[in-house]
Amino acid sequence: MNAAQKKAMQYGQLINNTVQSIQEEQDKLNPEYEKVRDALDRSKVDQIDDVEYTKIQKDFTTGTKNYQEVLAKLEKGKAPARLMGTHISLVSAFKKYVEGCGEMTASIGDDKKVDRHAFDESEKKQDEYMDKFSKLIQKLTDLA
């Protein structure tokens, strides 16, 4: 295996690991997100159990930290030259997504006070940038 093939293989593993890590984190956080979203939509955030609310805050903080670690690995990734432009766009989209996650986490305040506007805006940002990220992953798959 030559150096270029090795680099392409390592990059492919990085992308696979990144997608897998994101999926695992989303699978963990989505039920809690749904609970907060539903409570917000029905103006019943104050009815979420105290212990559960604290767990949601903690899990969102941990999830955001985990996303930041995935982002750091992705930023350090060495894409093959022909994929460099797509890689840079991919990193940028994921960085914006992670920012949105941080904003959502920050919107889930103490004493069961959720900043609805910040929560809604961060949700839009996450949706937009995860959609871009997914399209770029597809582009990488098509180019590989």
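This text goes with the structure placed above it.
Residues numbered from 1 in each chain as written. Predicted model: local features only at pLDDT ≥ 70, side-chain atom pairs only at ≥ 80, totals over all residues. Heavy atoms only, no water.

### Let's talk about the overall build of the protein
Of regular secondary structure, the protein possesses four helices and zero strands. Helices (α) and strands (β) of the protein occur, in sequence order from the N terminus, as α-α-α-α. Projected onto its principal axes, the C-alpha positions of the protein cover 60 × 25 × 20 Å. Within the protein, the proportion of its 144 residues that are buried is 40%. Put simply, of all contacts in the protein between residues at least 6 apart along the chain, 78% involve residues at least 24 apart. If you sum the accessible surface of the protein, you get close to 8,700 Å²; carbon and sulfur atoms cover 51% of it. Between the centroid of the 24 positive side chains of the protein and the centroid of its 26 negative side chains there is a distance of 8 Å. (Helix = DSSP H or I, 4+ residues; strand = E, 2+ residues; numbered from the N terminus. Buried < 20%, exposed > 50% of the residue type's maximum accessible area, 1.4 Å probe, protein only. Contact = heavy atoms within 4.5 Å. Areas by Shrake-Rupley, 256 points an atom, 1.4 Å probe, with all protein chains shown as cover. Lys, Arg positive; Asp, Glu negative; His and termini not counted. Charge placed at Lys NZ, Arg CZ, Asp CG, Glu CD.)

### Focus: the side chain of Glu123
Residue placement: Glu123 occurs in helix H4 (residues 116–143). Setting aside residues up to four positions removed in sequence, Glu123 forms contacts with Tyr33, Arg37 and Met104.

### Things to note about the packing of helix H1 (residues 3–41) against helix H3 (residues 84–107)
Packing of H1 against H3 leaves a shortest axis separation of 14 Å and a crossing angle of 20 degrees. On the basis of the axis angle, H1 is roughly parallel to H3. Judged by the sense of rotation from one axis to the other, the crossing of H1 with H3 is left-handed. When H1 is examined against H3, the residues Tyr11, Ile15, Ile22, Gln26 and Tyr33 are found in contact with a partner set consisting of His87, Leu90, Phe94, Tyr97 and Met104. (Axes fitted to C-alpha atoms, helices over the stretch in contact; angles between N-to-C directions. Parallel < 35°, antiparallel > 145°, perpendicular 65-115°, else oblique. Left-handed = near helix turned anticlockwise from the far one by under 90°.)

### Quick look at the packing of aromatic side chains
Tallying each qualifying case throughout the model produces five aromatic pairs. Geometrically, the ring pair formed by Tyr33 and Phe119 is stacked, given 5.9 Å between the ring centres and 5 degrees between the ring planes. Here Tyr33 is found in helix H1, whereas its partner Phe119 is found in helix H4, with 86 residues between them in sequence. Tyr33 gets classed as buried once you look at its relative accessible area, which sits at 16%. Given a relative accessible area of 0%, Phe119 falls into the buried group. Geometrically, the ring pair formed by Phe94 and Tyr97 is stacked, given 5.9 Å between the ring centres and 20 degrees between the ring planes. (Phe/Tyr/Trp six-rings, centres within 6.5 Å; stacked < 30°, edge-to-face > 60°.)

### Some words on the layout of surface pockets
Its boundaries defined by the atoms lining it, the largest pocket holds a volume of some 330 Å³. Gln26, Asn30, Tyr33, Tyr97 and Gln126 are, among the 16 residues lining the largest pocket, the residues nearest its centre. Of all the secondary-structure elements, those providing two or more residues to the lining of the largest pocket are H1, helix H2 (50–76), H3 and H4. (1 Å grid on protein atoms, 1.4 Å probe; cavity = no way out; pocket = protein on both sides within 12 Å on 5 of 7 lines; lining within 4 Å. Points joined across faces, edges and corners; volume = space filled by probe spheres on them.)

### A closer look at the packing of H3 against H4
Running from amino to carboxyl end, H3 crosses H4 at an angle of 155 degrees, the nearest separation of the two axes being 8 Å. Looking at the two axes, H3 sits roughly antiparallel to H4. Considering the relative orientation of H3 and H4, their crossing is left-handed. In terms of residue class, the contact of H3 with H4 is built from 15 nonpolar, six polar and seven charged. (Nonpolar A, V, L, I, M, F, W, Y, C, P; charged D, E, K, R; others polar.)

### Section: the nonpolar core
Ranked by size, the top nonpolar core spans 37 residues in total, and within it Leu90, Phe94 and Phe133 carry the most contacts. Among the secondary structure elements, those contributing two or more residues to this core are H1, H2, H3 and H4. Counting residues per element, this core draws most heavily on H1, which supplies nine residues. Residue contacts for Phe94: discarding those within four places in its chain leaves Ile22, Tyr67, Val70, Leu71, Leu74, Met130 and Phe133. (Core = buried A, V, L, I, M, F, W, Y, C linked by side-chain atoms within 4.5 Å.)

Structural measurements only, silent on function.
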